[in-house]
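Tertiary structure, described
Listed below are the residues making up each chain.
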Amino acid sequence: MIDLRQVRQDPEGARARLSRRLDASVGVMLDDILALDVQRRRILARVETLKAERNRATEEVARRKRAREPADDLLADLRASGDEVRALEGELREVELALDARVLEVPNLPAPECPDGDSSANAVIRTWGTPPTFAFAPRPHWELGEQLGILDLPRGAKLSGSGFPVFVGMGARLVRALENFMLDLHTQEHGYVEVSPPLLVNRASAQGTGQLPKFEEELYRVERDELYLLPTAEVPLTNLHRDEILDGAVLPIGYVASTPCFRREAGAHGKDTRGLIRVHQFDKVEIVRFVRPEEGAAEHARITSHAEAVLQRLGLPYRVLALAAGDIGFASACTLDLEVWAAGVGTWLEVSSASTFTDFQARRANIRYRPDPGAKPEFVHTLNASGLAFPRTIIALLENGQQADGSIQIPEALAPYLGTDRLVPRA
RNA sequence: GGCGUGGUGGCCGAGUGGUUUAAGGCAGCGGUCUUGAAAACCGCCGAACCGGCAACGGUUCCGUGAGUUCGAAUCUCACCCACGCCGCCA
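Description of the structure in this document. (Residues numbered from 1 in each chain as written. Chains lettered and ligands numbered in written order. Predicted model: local features only at pLDDT ≥ 70, side-chain atom pairs only at ≥ 80, totals over all residues. Heavy atoms only, no water.)

A separate point is the overall build of chain A. A tally of regular secondary structure across chain A gives 13 helices and 18 strands. Reported as C-alpha extents along the three principal axes, the dimensions of chain A are approximately 100 × 45 × 40 Å. Within chain A, the fraction of its 427 residues that count as buried is 48%. The long-range fraction of contacts in chain A, counting pairs at least 24 apart against all pairs at least 6 apart in sequence, stands at 73%. Carbon and sulfur atoms provide 49% of the accessible area of chain A, an area that totals close to 20,500 Å². The average position of the 52 basic charges and that of the 62 acidic charges among the side chains of chain A differ by 3 Å. (Helix = DSSP H or I, 4+ residues; strand = E, 2+ residues; numbered from the N terminus. Buried < 20%, exposed > 50% of the residue type's maximum accessible area, 1.4 Å probe, protein only. Contact = heavy atoms within 4.5 Å. Areas by Shrake-Rupley, 256 points an atom, 1.4 Å probe, with all protein chains shown as cover. Lys, Arg positive; Asp, Glu negative; His and termini not counted. Charge placed at Lys NZ, Arg CZ, Asp CG, Glu CD.)

Ranked by internal contacts, the top residues of the largest apolar core, which has 51 residues, are L178, M182, L311, I394, L398, L414 and L423. Top contributing element to this core by residue count: helix α7 (residues 170-189), with eight residues. Those residues in contact with L178 that sit more than four places away from it in its chain are L314, F390, T393, I394, L397 and L414. Membership of the second largest hydrophobic core comes to 24 residues, among which are V26, I33, I43 and F360. (Core = buried A, V, L, I, M, F, W, Y, C linked by side-chain atoms within 4.5 Å.)

This part is about the pairing of strand β9 (residues 253-262). Within β9, 10 of the 10 residues are buried, leaving the element largely enclosed by the surrounding structure. As paired strands, β9 and strand β10 (residues 281-291) are joined by 10 bridges and run antiparallel to one another. Bridging from a neighbouring strand, A257 pairs with E286 of β10. (Pairing = 2+ DSSP bridges.)

Right, let's talk about the layout of surface pockets for a bit. Roughly 1,400 Å³ of internal volume is contained in the largest pocket. Along the wall of the largest pocket there are 44 residues; nearest its centre are E234, R263, G329, E350 and S353. Only β10, β12 (334-342), β13 (347-356), β16 (381-389) and α12 (390-401) provide two or more residues apiece to the lining of the largest pocket. Among the elements that line the lining of the largest pocket, the one with the most residues is β13, at five residues. (1 Å grid on protein atoms, 1.4 Å probe; cavity = no way out; pocket = protein on both sides within 12 Å on 5 of 7 lines; lining within 4 Å. Points joined across faces, edges and corners; volume = space filled by probe spheres on them.)

So, about the protein's contact with RNA strand B. Lining the immediate surroundings of RNA strand B are 24 residues, of which R5, R8, R41, R79 and R368 lie closest. The sugar-phosphate backbone supplies 78% of the atoms of RNA strand B found within 4 Å of the protein. Here a base nitrogen of RNA strand B sits 3.1 Å away from a polar atom, N or O, in the side chain of E48. Between RNA strand B and N55 there is a distance of 3.1 Å, counted from a phosphate oxygen to a side-chain nitrogen or oxygen. At the level of elements, α1 (4-9), α3 (25-66), α4 (72-103) and β14 (367-370) are the ones that each hand at least two residues to the surface near RNA strand B. Considering every element that reaches the surface near RNA strand B, the biggest residue donor is α3, with 12 residues. For the surface near RNA strand B, a count of residues per class yields eight nonpolar, three polar and 13 charged. (Near = heavy atom within 4 Å. Polar contact = N/O pair within 3.5 Å; in protein donor to acceptor, adjacent residues only side chain to side chain. Nonpolar A, V, L, I, M, F, W, Y, C, P; charged D, E, K, R; others polar.)

Mapped onto the elements of the fold, R274 is located in the loop between β9 and β10. Residues R274 and L178, 96 residues apart in the sequence, show an inter-C-alpha distance of 22 Å.

Below, the discussion takes up the side chain of S352. Of note, S352 is situated in strand β13. Its relative accessible area of 1% is what places S352 among the buried residues. A distance of 2.6 Å separates a polar atom in the side chain of S352 from the backbone oxygen of S386. Apart from residues lying up to four places away in sequence, S352 is in contact with A307, L336, D337, L338, A385, S386 and L388.

Our focus in this paragraph is the packing of helix α5 (residues 141-148) against α12. Their axes nearest at 9 Å, the elements α5 and α12 cross at an angle of 80°. Viewed along their axes, α5 and α12 adopt a mutual orientation that is roughly perpendicular. Residues H141, L144 and L148 of α5 touch α12, and the partners they reach there are I395, L398 and E399. Looking at the contact of α5 with α12 residue by residue, the classes come out as four nonpolar, one polar and one charged. (Axes fitted to C-alpha atoms, helices over the stretch in contact; angles between N-to-C directions. Parallel < 35°, antiparallel > 145°, perpendicular 65-115°, else oblique.)

What follows deals with α7. Structurally, the α-helix is built with 3.6 residues per turn, so residues lying three or four positions apart point the same way. Here α7 is 20 residues long and its end C-alpha atoms lie 27 Å apart, about the 28 Å a rise of 1.5 Å per residue gives. When we look at burial in α7, the residues that qualify are G171, L174, V175, A177, L178, F181, M182, L183, L185 and H186. (Expected span 1.5 Å × (residues − 1).)

Applying the stated criterion across every chain yields a total of zero disulfides. Among the cysteines around C114, which has no disulfide bond, C334 carries the closest sulfur, lying 5.2 Å off. (Disulfide = S-S within 2.5 Å.)

Between its terminal C-alpha atoms α4 stretches 46 Å, which fits the 46 Å expected from 32 residues at 1.5 Å a residue. Here α4 has its buried residues at L74, L78, S81, G82, V85, L88, L92, V95, L99 and V103.

Dropping the structure here:
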């Protein structure tokens, strides 16, 4: 969440920075917050003064009791002031609840390096590799997948509904191969610690990373037990250190997890949802970093390079987009998207989003560190990136690797994991 | 699911209504001593919020939330979590 003190100190500065998100509602939020904050401090000052008086009188009562002197006159006064304190505390609680709820709705401040504008201002800052050319018309993955007998969308729909793909045979093995390949890369070469986290998380966790309260609609919810299915492993990985004070010497910390992700994708049906492009359940390898604030910018470049390494090893052409301030996610201060080229659908598909959240998630989840032994705790900076999301990686592998005979050439780096360098159509 | 026991600072742990501004220890920081280090000894040493330029002052916090009381770590209720036993179960 945003820093309330910073907002109070420089409301117009915060307003200007948030206005870059091009979201008209944040102005109203700030007005409400400033008003509630004034109200809160006014009540708080009165409560605390009353309590200070009461504490002094109470000590006097204790002294007299010990000395076996009468204290009835003081007790009568205290009874009255107790009622007043209780009433004021009730008022205070209401104001604080309203204030907290409002603060949780405010998105992060875009970073200076984040370009201005809406999504049309997203800028390609580099590209890697060359989209392959074909002597024939390249086909989309849903056709290839069916012909190869590795992807069964109709049966997925029968089991669960549209957007729940079934991978079969070498398709299922491809999922397993990608998981092992990516986990090995991040743990062995990038220094991440592998984690196998819970797939259901409580409300506090979903709030800590910023999924709640604003995006309740996007989450699958297990109402009976007040738990939510993960939309991304970012949630458990970041919340591992919720309400902790880390020793500064252990930073930076990096975690990697491969998990299923569940997204309701409310209202997203129709365009761009064909085949595996947008689904309700998919597997993803996620990397998360906890870093010192002064390392934030360098760490953003680092985590992005870790995600890029996956695409480079797979030989998949991609481009890096700097998202504009009007297009970055709720908790993000700056985001770089990696888009892989998919020859069959003839478009660039987002396979990773590398974000720095500055201290926004750390505030929400109360994740701090001690810069030096004995020093005051400060909020860490958190970052994450997909490394990578499987369905669109599979799309690119199938569509870019397709041959005239309908077989698929598998990249050298992945072949040992898959047990073959070629997928062939069913007879 | 049932019954029982417990939850205290970065960590361990004492504390059952009023000198608790939470004992003591460990870790950490500073110092004495030492060529240096260790040991020993001495001192400091939790977090959040409010006011203040600051020095400083004030309030709150003993799993969470309500309640009793002039006053709650301490008493009552509910909930959460951990552990143990029983039941059920992959």
